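Observations on chain architecture
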Amino acid sequence: MTDYHGYATFQEFLDNVQYSRIGILSYEKIFGHTYVSTGGEDTTNDLCSALSLRPDSSVLDIGCGIGGSAFYLARKYGCRVEAIDLSKNMLDIGMERLKEQVEKEGLREDQVRLVLADCTTVDYPEASFDLVYSRDTILHIADKATLYQRCLRWLKPGGQLLVTDYCCGEKPWPDDYAAYVKQRGYHLLTVPEYGAVLSSVGFTDVEAIDFTDRFRRALVDEQSRVVGLREQFLKDVGEQMYQYILDGWGAKIGRVDRGCQRWGLFKARKPL
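Residues numbered from 1 in each chain as written. Predicted model: local features only at pLDDT ≥ 70, side-chain atom pairs only at ≥ 80, totals over all residues. Heavy atoms only, no water.

Named according to an unreviewed UniProt entry, the protein chain is phosphoethanolamine N-methyltransferase originating from Macrostomum lignano.

Considering the packing of aromatic side chains
What counts is decided by this rule: Under the pairing criterion, centres of Phe, Tyr and Trp rings, with the six-membered ring standing for Trp, must be within 6.5 Å; the plane angle then separates stacked pairs below 30 degrees from edge-to-face pairs above 60, leaving the rest tilted. Secondary structure is summarised from DSSP: a helix means a run of H or I of at least four residues, a strand means a run of E of at least two, and numbering begins at the N terminus for each. When a residue's accessible area, from a 1.4 Å probe over protein chains only, is under 20% of the maximum for its type it is buried; when over 50% it is exposed; and in between it is partly exposed.
Counted under the stated rule, the structure contains 16 aromatic pairs. With a centroid separation of 5.8 Å and 80° between ring planes, the pair formed by Tyr 166 and Tyr 186 is classed as edge-to-face. You can see Tyr 166 sitting in strand E5 (residues 155–168) and its partner Tyr 186 sitting in the loop between helix H7 (175–184) and helix H8 (191–200), a full 20 residues away along the chain. No difference in accessibility class separates Tyr 166 from Tyr 186, as the two residues are buried. An angle of 25° between the planes, with centres 5.8 Å apart, marks the rings of Phe 211 and Trp 263 as stacked. With Phe 211 in the loop between strand E6 (204–210) and helix H9 (212–228) and Trp 263 in strand E7 (residues 261–269), this pair connects stretches of sequence that are 52 residues apart. Exposure remark for Trp 263: the relative accessible area of 0% places this residue in the buried category.

Some points on the nonpolar core
Which entries qualify depends on this criterion: What we call a nonpolar core is a set of buried Ala, Val, Leu, Ile, Met, Phe, Trp, Tyr and Cys residues that are connected through their side-chain atoms within 4.5 Å. Contact between two residues is taken to exist if any of their heavy atoms lie within 4.5 Å; hydrogens are not considered.
Within the largest apolar cluster, 49 residues are counted, with the highest numbers of intra-cluster contacts made by Leu 73, Val 81, Val 112, Tyr 166, Tyr 177 and Leu 188. In contact with Tyr 166, other than residues within four places in its own chain, are Asp 136, Leu 139, Tyr 180, Tyr 186, Leu 188, Phe 215, Lys 252, Gln 261, Arg 262 and Trp 263. The next biggest cluster of nonpolar side chains, apart from the first, holds 29 residues, and it includes Leu 147, Trp 154, Val 191 and Val 201.

Topic: the pattern of salt bridges
What counts here: For salt bridges, the criterion is a side-chain nitrogen of Lys or Arg within 4 Å of an Asp or Glu carboxyl oxygen.
A full pass over the atoms with the stated rule returns 20 salt bridges. Residues Glu 28 and Arg 97 are paired through a salt bridge, measuring 2.8 Å at the closest nitrogen-oxygen approach. Pair noted here: Glu 28 is in helix H2 (residues 21–31) and Arg 97 is in helix H5 (residues 88–104), with a separation of 69 residues, a long-range link. Note on Arg 97: relative accessible area 9%, which makes it buried. Here Arg 54 and Asp 56 are joined by a salt bridge, their closest N and O atoms 3.0 Å apart. The partly exposed category is assigned to Arg 54, whose relative accessible area is 41%. Through salt bridges that share partners, Arg 21, Glu 28, Glu 96, Arg 97 and Glu 100 make up one connected network.

This is the structure:
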């Protein structure tokens, strides 16, 4: 039986442990409005600038969080985005943010569809999407090959894959890092191993890029933001939660500096 740390399902584990509402809103303060992924809109803009997108492009955003990247792709490129996440707490906040985007940013309501779904069981017709996009989500999934086989089928011929994900250094890992990975429910690969998975299921033009330097720069910026927002955090969540968040960012930087934690950027295409 799968271990969800005492919870009946992985969704319950996420919503009660990693992604409580108060935790998500705290992350949003750090990453920027509508974002809960590394670098917020800065990294999203950098990563998406090299994509070939048109106003009629269809996008699947796996692990959309509270909607930041989905809203960005819809606003900037005019894409239609199917945005899925397994955390109900994420999507509840995402629906609030979608309403804001429609009312204040001119987004059309039909451009982004936020859906509570498990990417390992949800299904779409073959050749549904021009782009499959995911930011720091698939680290939770052990059987990455099966998921990417499904992504390949969902893409149109010539369609693009763009993923960032937590990766790891070579094993053996230090005991404390192994304990951290287990506690978080992560299933990590090295950057080359991850790229090999994409190639093995049939993707072409695979690029597996160790993007850890960019990750570390973002972490340092975010750590400074946490310190700058100290009074706001103390007011909203209290001293204990503030210190937990600050210590968490310091620990991330430490894991990077020790070579344990890596950040991978993966680009690929479905053959024509």
